[in-house]
Structure formats: structure tokens, C-alpha cells
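What the coordinates show
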Amino acid sequence: MQNDTSRITDMALLEHLGRTVNFFASTTILMIAGVLTLIASSDKIDNVLSHHSFVTQTSVENIQIKLSMLGLIFIFAFFKFTWAMRQYTFCAVLLGAAPHSARQTLTAKEKYFAKQVAKLSDNANHQFNYGLRAYYFALAFLSWFINPIVFILLCALIVRILYRREFKSRTLRLLIRGRLN
């Protein structure tokens, strides 16, 4: 019975992860559509930006190039999110196909199977993180419309924030202390 309960919990966790990634993939499609709409209105954006003294002067063509690059960032994120969704689906299929066992210890074949599912889940997590990172950099990228120096500074700040969160955070220390050996 414990095995069935564990499997139900695992499937619920995978479903939650899949819904989260699905939300970001859907949102990214909307972001891409928004960027395409902005590209079509580049002349209006140039007109608005040109009336502000703190904004570096640019041209409609430069605005279109910057927006195209922003669109590419969101396309990258979309592909990462959808690949993560597919991998979580594969995990769910493998988990559903996992052999049932009443034993407390696993055979070598079962351990190998479990490690493969865990690696697939880890790969999906990495793809999801790449998509999230793209969002962070897209936010920094927006500052390029104001000033290239601000853009460089915000990119450096994003790198610092991501570094601290992924390698020096309290959350990471808690995860490391809580992992099973």
C-alpha cells in the first residue's frame, strides 16, 4: 500500500510541475505576440521615446532590431518551457510504467530505472530554469530602450542575482542539508 501512496504523491507532484511549466509556456506565447505587435508599432514607440531626455536617441530600425531580439529571447524561453513540459510528461509515463514491488529493497534493475526517471526529471528542471532565466534577462533587456549603459548594468545585476540564488542562497543550503544520500 505504501508504494501506491508514494506513486500517487509522485504523480501529483509531476502534475503540479507540468501545470507550472504550462503556465509559463502559455504566457510566453502571449509575450511573443506582444513583441510582434510592438514591432508593428515601432514608429509610435520611437515617437514616445524621443520625447524623454533620459532616453538615448535611436531610430525605428534600431527599435525593430531590439524588439526582434527580445522576441528571440521569448522564443528561446518558449522552447525551453515546452521541452520541460514534454520531459515531465515522459517522467509521468515512466512512473506509471514503473514495476510494482512489495519489497523494501530494490533490485539493481529497479534502482537503475529509478535513477533514469530522476535524471529525466532533473533535465526537465534544468530546461524550466533556462526558460525562467530568459525571463530575467528579458526584463533587463527592456532597459536597452532607455540606455545601453543601464542595460549592461542590469544584465550584470541579473547575473549577480542568479548566481547568489543558485549558488549562495539559504534555500540552496537547506536543499543540500535536506537531501537523502
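From a predicted model like this one, the values you see are computed outputs, not experimental measurements. (Residues numbered from 1 in each chain as written. Predicted model: local features only at pLDDT ≥ 70, side-chain atom pairs only at ≥ 80, totals over all residues. Heavy atoms only, no water.)

Structural notes on the packing of aromatic side chains
Note the following rule: Pairing of aromatic side chains requires ring centres within 6.5 Å, counting the rings of Phe and Tyr and the six-membered ring of Trp. Pairs whose planes differ by under 30 degrees are stacked, by over 60 edge-to-face, and all others tilted. Only runs of H or I of at least four residues qualify as helices and only runs of E of at least two qualify as strands under DSSP, and these elements are numbered from the N terminus. Partly exposed describes any residue whose relative accessible area lies between the buried limit of under 20% and the exposed limit of over 50%, with all areas from a 1.4 Å probe on protein chains only and scaled to the type maximum.
Under the definition given, this model contains 13 aromatic pairs. The interplanar angle of 70 degrees and the centroid separation of 5.7 Å between the aromatic rings of Phe24 and Phe128 together place this pair among those described as edge-to-face. Taken together, the residues span a long stretch of sequence, with Phe24 in helix H1 (residues 2-40) and Phe128 in helix H4 (residues 108-142) at a distance of 104 residues. Measuring from ring centre to ring centre gives 5.5 Å for Phe74 and Tyr135, while their planes differ by 85 degrees; the resulting arrangement is edge-to-face. Of this pair, Phe74 sits in helix H3 (residues 60-97) while Tyr135 sits in helix H4, placing them 61 residues apart in sequence. Residue classification places Phe74 among the buried residues on the basis of a relative accessible area of 5%. On the basis of relative accessibility, which here comes to 17%, the residue Tyr135 falls in the buried class. Three or more aromatic residues link up through ring pairs in this structure, and these residues are Phe23, Phe24, Phe74, Phe81, Phe128 and Tyr135.

So, a nonpolar patch on the surface
This is how the line gets drawn: Exposure above 30% relative accessible area and the lack of any salt bridge qualify a residue for a patch; like charges then connect within 9 Å, and the nonpolar side chains Val, Leu, Ile, Met, Phe, Trp and Tyr within 5 Å. Shrake-Rupley sampling with a 1.4 Å probe provides the accessible areas, and residues are treated as covered by the protein chains on show and by no other component. Salt bridge criterion: a side-chain nitrogen from Lys or Arg within 4 Å of a carboxyl oxygen from Asp or Glu.
Taken together, the side chains of Phe54, Ile146, Val150, Leu154 and Leu157 present a nonpolar region at the surface, about 390 Å² in accessible area. Val150 gets classed as partly exposed once you look at its relative accessible area, which sits at 33%.

Comments concerning the packing of H3 against H4
Note the following rule: Here the axes come from fitting lines to C-alpha atoms, over the contacting stretch only for helices, and the angles between their N-to-C directions go from 0 to 180 degrees. When an angle is under 35 degrees it counts as roughly parallel; over 145 it counts as roughly antiparallel; between 65 and 115 it counts as roughly perpendicular; any other value is oblique. Two helices cross in a left-handed way if the nearer one is turned anticlockwise from the farther one by less than a right angle. They cross in a right-handed way if the turn is clockwise.
Between H3 and H4, the shortest axis-to-axis distance is 8 Å and the interhelical angle comes to 160 degrees. Between H3 and H4, the interaxial angle falls into the category roughly antiparallel. Note on packing geometry: the crossing formed by H3 with H4 is left-handed.

Some thoughts on the packing of helix H2 (residues 42-50) against H3
Here is the rule we go by: Any two residues whose heavy atoms approach within 4.5 Å at even a single point are treated as in contact.
Where H2 meets H3, the closest approach of the two axes is 9 Å, and the angle between their N-to-C directions is 110 degrees. In terms of orientation, H2 lies roughly perpendicular with respect to H3. In this structure, the crossing between H2 and H3 has a hand that is right-handed. Only Val60, Ile63, Gln64 and Leu67 of H3 make contact with H2, whose side of the interface consists of Ser42, Asp43, Ile45, Asp46 and Leu49.

Concerning the pattern of salt bridges
On inspection of all chains with the given rule, the structure shows two salt bridges. Glu15 is the salt-bridge partner of Arg19, the closest N and O atoms lying 3.0 Å from each other. Of this pair, Arg19 and Glu15 both sit in helix H1, separated by four residues, roughly a single helical turn. Between Glu166 and Arg133 there is a salt bridge, with the nearest N and O atoms lying 2.5 Å from each other. You can see Glu166 sitting in helix H5 (residues 148-167) and its partner Arg133 sitting in helix H4, a full 33 residues away along the chain.

Quick notes on the layout of surface pockets
Keep this limit in mind: Only protein atoms enter the 1 Å grid used here, on which a cavity is any set of points holding a 1.4 Å probe that cannot leave and a pocket is any open set flanked by protein within 12 Å on both sides along at least five of seven lines; residues with an atom within 4 Å of a point are listed as lining. Grid points are joined across faces, edges and corners, and a volume is the space filled by probe spheres set on the points. In this classification, the charged set is Asp, Glu, Lys and Arg, the nonpolar set is Ala, Val, Leu, Ile, Met, Phe, Trp, Tyr, Cys and Pro, and all remaining amino acids, among them Gly, are polar.
Here the second largest pocket is characterised by a volume of approximately 530 Å³. Lining the second largest pocket are 17 residues; nearest its centre among them are Asn129, Arg165, Glu166, Leu172 and Leu175. Listing elements by their share of the lining of the second largest pocket, those giving two or more residues are H4, H5 and helix H6 (170-178). Taken together, the residues of the lining of the second largest pocket sort by class into seven nonpolar, five polar and five charged.

Here we look at the nonpolar core
Put simply, the test is: Buried Ala, Val, Leu, Ile, Met, Phe, Trp, Tyr and Cys residues form a nonpolar core when they are joined through side-chain atoms within 4.5 Å.
One finds Leu67, Leu70, Phe74 and Phe81 to be the most contacted residues of the largest nonpolar core, which totals 31 residues. Broken down by secondary-structure element, the contributors of at least two residues to this core are H1, H2, H3, H4 and H5. Examining the composition of this core, we find that 10 residues originate from one element, H3, more than from any other. Setting aside residues no more than four positions away along its own chain, Phe81 makes contact with Val21, Phe24, Ala25, Thr28, Phe128, Gly131, Leu132 and Tyr135.

A few points about the environment of Ser50
As a reminder, the rule being used: Here a polar contact is recorded for every N or O atom pair within 3.5 Å, except that within protein the pair must consist of a potential hydrogen donor and a potential acceptor, and residues adjacent in sequence are included only if both atoms are side-chain atoms.
Tracing the sequence through the fold places Ser50 in helix H2. Exposure remark for Ser50: the relative accessible area of 34% places this residue in the partly exposed category. There is a polar contact of 2.9 Å between the side chain of Ser50 and the backbone oxygen of Asn47.

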